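The residues making up each chain are set out below.
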Amino acid sequence: MSGVATLSRKADFPGLVTRDGAPWHYLDSAATAQKPQAVIDAMTSALGEDYATVHRGVYGRSANMTLGYEAARRKVAALIGGAEDEVVFTRGATEAINLVAYSYPEKGRVLLSELEHHSNIVPWQLAGWQVDVCPLTDDGRIDLDAAERMLTREHTMVSFAHVSNVLGSVLDARRAAELAHAVGAKLLLDGCQAVPRLPVDVAALDCDFYAFSAHKLYGPTGIGALWGRADLLDAMPPWQGGGAMIDQVGFQRTTYAPAPQRFEAGTPAITEAIAFGAACDYVANAGIESIHAHEARLVKQTREALGAMNDVTLYGPEDSAGIVSFLIDGIHPHDLGTILDEENVAIRAGHHCAQPLMEKLGIPATARASFGIYSDEDDVAALIRGIERTKRIFG
Ligand code: PMP
């Protein structure tokens, strides 16, 4: 295959070879991305020679750790065009969405869409919101014309995936913000799949909350971020209590620290935050526009190769971001995934934590290939070879 300029980043990622030293064709970056050595190094030194707690700066190492932790917050903010005091470190996107679902003071009706990940469905249910569901267009985008018809003054929140983790479809987030604001609702964007793949500027998008996880952005697990507009975060009560989120504590009355500390109860994920910052540096250095263009070329190449097979159904729009979901007639995605694994090709098979979307599509599962900064044409070629072999096995 030809025509895909690679970013040539494979060498930065020790996870991309097998224990035997063979290339590992990792096509599951939408689930979690491999880590560059720079992130591993940042985490190792934060756990090793630099390790101490934060926010207790009477000794030098702790003061340095605090500086590193807060510098990471600035890097996360800069990556998405927000201010640092608008970035709350959370355990990941899931916790970020839970935080808003539980803590947003005007709980009412929330408009979700048919393509949402379970983590953008279940928190709203658990926190007692009334859930409405916006349908999709035939090519797998959130149907914003339908959203416009559905939204009422009773809706206080719209919460949509910026990029679908199954279909790769990209939301017209600005229009979604306009529609939400026209009825007085806020817009939360689930940016899990968008931040690693698209330039994101929360100010230009005019959204109100933005949630994402570090581990899909080449950072570690156990940390993510909620960006929220300062006036909204300020008006939200804390949702977990403990150390570090307080101003004054008494048995009868406690006052709270301002945002974002108010939402970070307990000793935070210090080393993870520092490595999250290193991941932001890595992505900023590579250039998110280049990553986006690189993944777009790989998506095009993969969709063309799969589209040329008359027994393959492709899901999602042509211009999907970094993600290709498909089904092969007569071959269950799990069988495909198992045979591809023998060829050192890793794809995801299943419902991708989007059971309502599978139901809507009338299928139990898809096979999903998803790309990252390190993916290249060899990975696509290995996938296509593996699919051809699987078809031979299934006769
Ligand atoms: N939303 C989307 C679109 C996702 O792809 C994911 C992860 N698969 C999540 C939310 C949840 O992210 P996490 O499990 O890291 O909290």
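The shown structure was predicted, so the numbers you read here are calculated from the model rather than taken from an experiment. (Residues numbered from 1 in each chain as written. Predicted model: local features only at pLDDT ≥ 70, side-chain atom pairs only at ≥ 80, totals over all residues.)

1. Details of the UniProt feature "domain: Aminotransferase class V" (unreviewed entry) in the protein
Put simply, the test is: UniProt positions are given in the numbering used here, feature names are shortened, and annotations may be inferred rather than shown by experiment. Under the scheme used here, helices are H or I runs from DSSP no shorter than 4 residues and strands are E runs no shorter than 2 residues, and both carry numbers assigned from the N terminus.
Feature annotation in UniProt places "domain: Aminotransferase class V" (unreviewed entry) on residues 25–383, given in this structure's numbering. Strand forms 18% of residues 25–383 and helix 37%; the C-alpha atoms that close the span are 8 Å apart.

2. Topic: the confidence of the model for the protein
Stated formally: Known as pLDDT, the predictor's confidence for each residue is given on a scale from 0 to 100. By definition, residue pairs are in contact when their C-beta atoms, positioned from the backbone, come within 7 Å.
Across the protein, the average pLDDT comes to 96, with 98% of residues at or above 70. Segment residues 1–5 is flagged for pLDDT under 50; beyond a separation of four residues in sequence, or across chains, it makes 9 contacts in the model. Both scores are available for the predicted complex, with the pTM at 0.96 and the ipTM at 0.98.

3. Structural notes on the domain arrangement of the protein
The accessible area lost on association of the parts is a frequent measure of interface size. So the rule is basically this: Domain boundaries shown here were taken from an automatic or database domain assignment. By the convention adopted, Pro, Cys, Tyr, Trp, Phe, Met, Ile, Leu, Val and Ala count as nonpolar, Lys, Arg, Asp and Glu as charged, and the other residues, Gly among them, as polar.
Each domain of the protein was delimited in the assignment, giving domain 1 (10–27 + 288–393) and domain 2 (39–285). On a C-alpha basis, the centroid separation for the pair domain 1 and domain 2 is 28 Å. Opposite the 22 residues of domain 1 that make contact, domain 2 presents 21 residues. Broken down by secondary-structure element, the contributors of at least two residues to the side of domain 1 that touches domain 2 are α10 (288–307), β12 (323–328), α12 (355–361) and β15 (366–370). Residue contributions to the side of domain 1 that touches domain 2 peak at 5 residues, all from α10. Its residues assigned to classes, the side of domain 1 that touches domain 2 comprises 11 nonpolar, 7 polar and 4 charged.

4. A few points about unusual backbone geometry
Stated precisely, the cut-off is as follows: Each residue is classed by its C-beta neighbour count within 10 Å, where at least 20 other C-beta atoms makes it buried, 12 or fewer makes it exposed, and intermediate counts make it partly exposed; the C-beta atoms are placed from backbone geometry.
Each neighbour pair has its own omega, and for A259 with P260 the value is 5 degrees, a cis peptide bond. Mapped onto the fold, P260 is located in the loop between β10 (254–256) and α9 (270–286). Here D206, not a glycine, exhibits a phi torsion of approximately 60 degrees, which is positive. Relative to the helices and strands, D206 resides in the loop between α7 (202–205) and β7 (209–213). By the C-beta count within 10 Å, which is 17 here, D206 ends up partly exposed. In this model, C353 sits at a positive phi of 55 degrees, which is unusual for a non-glycine residue. Along the chain, C353 falls in the loop between β14 (348–350) and α12. On the basis of neighbour count, C353 is assigned to the partly exposed category, with 17 C-beta atoms found within 10 Å.

5. Points about the sheet that holds β12
What counts is decided by this rule: The rule for pairing is simple: two strands pair if DSSP sees at least two bridges between them. Helix axes are fitted to C-alpha atoms over the stretch in contact, other axes to C-alpha atoms as well, and angles between N-to-C directions run from 0 to 180 degrees.
Pairing within the open sheet is antiparallel, and its 4 strands lie in the order β11-β12-β15-β14. Whereas interior strands pair on both sides, the edge strands pair on one side only; in this sheet they are β11 (312–315) and β14. Neighbour-to-neighbour, the strand axes of this sheet turn through a mean angle of 30 degrees, independent of strand direction. The sheet contact formed by β11 and β12 spans 4 bridges and is antiparallel. Residue pairing for β12: V312 is matched across the bridge by I328. Packing against the sheet, helix α11 (residues 333–342) makes contact with β12, β14 and β15, and its axis sits at approximately 155 degrees to β14.

6. Remarks on the site of the ligand
The cut-off we apply is this: Working rule for contacts: place C-beta from the backbone, and if it is within 6 Å of a molecule or strand, that residue counts as near it.
In the vicinity of the ligand lie 14 residues, with G92, T94, N165, C192 and S213 positioned nearest. Each residue belonging to the shell around the ligand can be placed in one class, and the counts come to 4 nonpolar, 9 polar and 1 charged.

7. Things to note about the nonpolar core
Applied cut-off: In this description, a nonpolar core means buried residues of the types Ala, Val, Leu, Ile, Met, Phe, Trp, Tyr and Cys, linked to one another by C-beta atoms lying within 7 Å.
In terms of nonpolar packing, the biggest core is built from 116 residues, with A176 and A279 touching the most fellow members. For this core, the leading source of residues is α9, giving 10 residues. Counting only domains with at least three residues in this core, you end up with domain 1 (10–27 + 288–393) and domain 2 (39–285). Residues within four places of A176 in sequence aside, it is in contact with L144, A147, V158, F160, L171 and L187.

8. Remarks on the environment of Y104
Tracing the backbone shows Y104 in the loop between α3 (93–103) and β3 (109–113). Separated by 52 residues in sequence, Y104 and T156 place their C-alpha atoms 9.5 Å apart. With residues near it in sequence (within four places) discarded, Y104 still touches M157 and M236.

9. Comments concerning the pairing of strand β5 (residues 155–161)
Convention followed: Think of it like this: strands point away, you trace from the first strand over the helix to the second, and a clockwise trace means the crossover is right-handed.
Taken across its 7 residues, β5 has 6 buried, putting it largely inside the fold. Here β5 pairs with strand β6 (residues 186–190) via 5 bridges, running parallel. Opposite M157, over in β6, you have K186 as the bridge partner. Running through helix α6 (residues 173–182), the crossover from β5 to the neighbouring parallel element β6 is right-handed.

10. Some remarks on α10
Keep this limit in mind: For a helix, the expected span equals 1.5 Å multiplied by the number of residues minus one. Note that the arc is computed from the directions linking the helix axis to the C-beta atoms.
With 20 residues, α10 should reach 28 Å at 1.5 Å per residue; the first-to-last C-alpha distance of 28 Å fits that figure. All of the buried residues along α10 are I291, H294, E295, L298, V299, T302, R303 and L306. All buried residues of α10 fall inside an arc of 165 degrees around its axis, so they share one side. Opposite the packed face of α10, turned more than 90 degrees from it, sit the exposed residues E289, S290, A293 and E304. Of the surrounding secondary structure, the elements contacted by the buried residues of α10 are α9, β11, β12, β15 and α13 (377–393).

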